[in-house]
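# Reading the structure
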Amino acid sequence: MASPRFSPWTLMPPLRLLVCTTLIGLALCARDAAAGDLSLQLAAWDHDVKGHARDAQGAVDFEQLGVDGDVEPYARLQWRQDDGSWWPDAALTYCRLQAQGSNVVTTSVSIGDVVVLPGGTAAADADVHDSTLTLSYPLLRRVIAFDAGVSLRHLGGDILIENANSRASDRQRVDQLFPLLHAALALPIGSRLSLVADGGWIEHRDDRAYEIHAGIDARLWRSLSLQAGWMKKRYDVLQQDYQLDATLSGLRIGLGWRFE
């Protein structure tokens, strides 16, 4: 095993808990201290998966193993301030990243204690939870609405690679906390339709992560809206000697409700 690699993205669990609790507390204080509005979005995300996992023993390609994503839940709770307040807007989002697959390999696959020779069957199963807190400010509120801020994202879960013939397996725990620069745009088209886009990004040495979403927000009735678009997430992170390089993308569609 290679010696652990220090990364400023990886914080000790007590510090992670303290940071998350503090930021959530600030957001809740802002909710009470300034007038604003609250909205909730519930959606389904149908995504595919590309990329690989690698360690000192070798690598596995997710497409080679036939790994495919499931339709996963996506939830976003957002509070927006009234114009003029110095409190930031706050949003909490949650998305489950789950994928699995198996395939007969034509070339040898090796990772951890798992070795699959040509003709053998390799399987992969990933279940990772993506939780994000975003604090942002409305910088423009005229023809186009533009917001900018920062996000704090936590990835937690497991990735299992297995030789389906011998049952030899390699399980890796994903546990990463990292910040992202955040930006969001909204362009109204008439009184009921808006084009929307948002995303986040960070890069440090060999680690990088970003998220892009673009779509529409169509008001259906009073405070109820239809929200549909395309979302892509990319994670390229190194944890000790284990590298995860995964890209997930697909259609996200759901309903939003604004509490007035």
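Residues numbered from 1 in each chain as written. Predicted model: local features only at pLDDT ≥ 70, side-chain atom pairs only at ≥ 80, totals over all residues. Heavy atoms only, no water.

## Structural notes on the overall build of the protein chain
Each helix and strand in the protein chain was counted, giving 1 helix and 14 strands. The buried share among the 260 residues of the protein chain stands at 43%. Element-wise, carbon and sulfur atoms account for 60% of the exposed surface of the protein chain, whose accessible area totals about 13400 Å². (Helix = DSSP H or I, 4+ residues; strand = E, 2+ residues; numbered from the N terminus. Buried < 20%, exposed > 50% of the residue type's maximum accessible area, 1.4 Å probe, protein only. Areas by Shrake-Rupley, 256 points an atom, 1.4 Å probe, with all protein chains shown as cover.)

## Topic: a nonpolar patch on the surface
Taken together, the side chains of Trp86, Tyr137, Leu139, Leu140, Val143, Ile144 and Leu185 present a nonpolar region at the surface, about 720 Å² in accessible area. Ranked by residues supplied to the nonpolar patch, first place goes to strand β8 (residues 121-141) with 3 residues. Examined against the element boundaries, valine 143 turns out to sit in the loop between β8 and β9 (145-163). Residue class for valine 143 comes out exposed when judged on its relative accessible area of 62%. (Patch = residues over 30% accessible without salt bridge, like charges linked within 9 Å, V, L, I, M, F, W, Y side chains within 5 Å. Salt bridge = Lys/Arg side-chain N within 4 Å of Asp/Glu carboxyl O.)

## Overview of the pattern of salt bridges
Scanning the entire structure with this criterion turns up 15 salt bridges. Glutamate 211 is the salt-bridge partner of arginine 153, the closest N and O atoms lying 2.7 Å from each other. Of this pair, arginine 153 sits in strand β9 while glutamate 211 sits in strand β12 (residues 207-221), placing them 58 residues apart in sequence. Across the pair, exposure class does not vary: arginine 153 and glutamate 211 are buried alike. One continuous salt-bridge network, built from bridges that share partners, spans Glu203, Arg208, Arg234, Asp236 and Asp245.

## Some words on a negative patch on the surface
Taken together, the side chains of Asp46, Asp48, Glu63 and Asp68 define an acidic patch exposed on the protein surface. For aspartate 68, a relative accessible area of 42% gives the class partly exposed. (Lys, Arg positive; Asp, Glu negative; His and termini not counted. Charge placed at Lys NZ, Arg CZ, Asp CG, Glu CD.)

## Quick notes on the confidence of the model for the protein chain
Per-residue confidence for the protein chain gives a mean pLDDT of 84, with 85% of residues at or over 70. Scored below 50 in pLDDT, residues 1-15 shows 23 contacts in the model against residues more than four places distant or in partner chains. (pLDDT = per-residue confidence, 0-100. Contact = heavy atoms within 4.5 Å.)

## Looking at the packing of aromatic side chains
Under the definition given, this model contains 0 aromatic pairs. Across the ring face of tyrosine 74, the terminal group of arginine 252 is positioned such that the distance to the ring centre comes to 4.0 Å. (Phe/Tyr/Trp six-rings, centres within 6.5 Å; stacked < 30°, edge-to-face > 60°. Lys NZ or Arg CZ within 6 Å of the ring centre and 35° of its normal.)

## Here's the deal with the environment of glutamine 239
Position of glutamine 239 among the secondary structure elements: in strand β13 (residues 224-239). When the C-alpha positions of glutamine 239 and glutamine 172 are compared, they lie 9.7 Å apart, and in sequence the two are 67 residues distant. Excluding residues that lie within four positions of it along the chain, glutamine 239 makes contacts with Arg173, Val174, Asp175 and Gln176.

## Comments concerning the side chain of glutamate 162
Structurally, the position occupied by glutamate 162 is in strand β9. For glutamate 162, the contacting residues outside a window of four places in its chain are Val114, Thr121, Ala122, Ala123, Arg167, Ala168 and Ser169.

## Looking at the environment of leucine 38
Here leucine 38 is to be found in strand β1 (residues 36-55). Judged by relative accessible area, leucine 38 falls into the partly exposed class, the value being 23%. Separated by 41 residues in the primary sequence, leucine 38 and tryptophan 79 have C-alpha atoms spaced 4.5 Å apart. With residues up to four places along the chain from it excluded, the contact list for leucine 38 reads Leu77, Gln78, Trp79, Trp257, Arg258 and Phe259.

## Some points on the environment of glutamine 64
Residue placement: glutamine 64 occurs in the loop between β2 (58-61) and β3 (68-69). Given the relative accessible area of 25%, glutamine 64 is considered partly exposed. C-alpha of glutamine 64 to C-alpha of alanine 122: the two residues are 58 residues apart in sequence and 9.2 Å apart in space. Look past the residues within four positions of glutamine 64 in its chain and what remains in contact with it is Asn103, Val105, Thr107 and Val109. One polar contact links glutamine 64 to threonine 107, side chain to side chain, over a distance of 3.2 Å. (Polar contact = N/O pair within 3.5 Å; in protein donor to acceptor, adjacent residues only side chain to side chain.)

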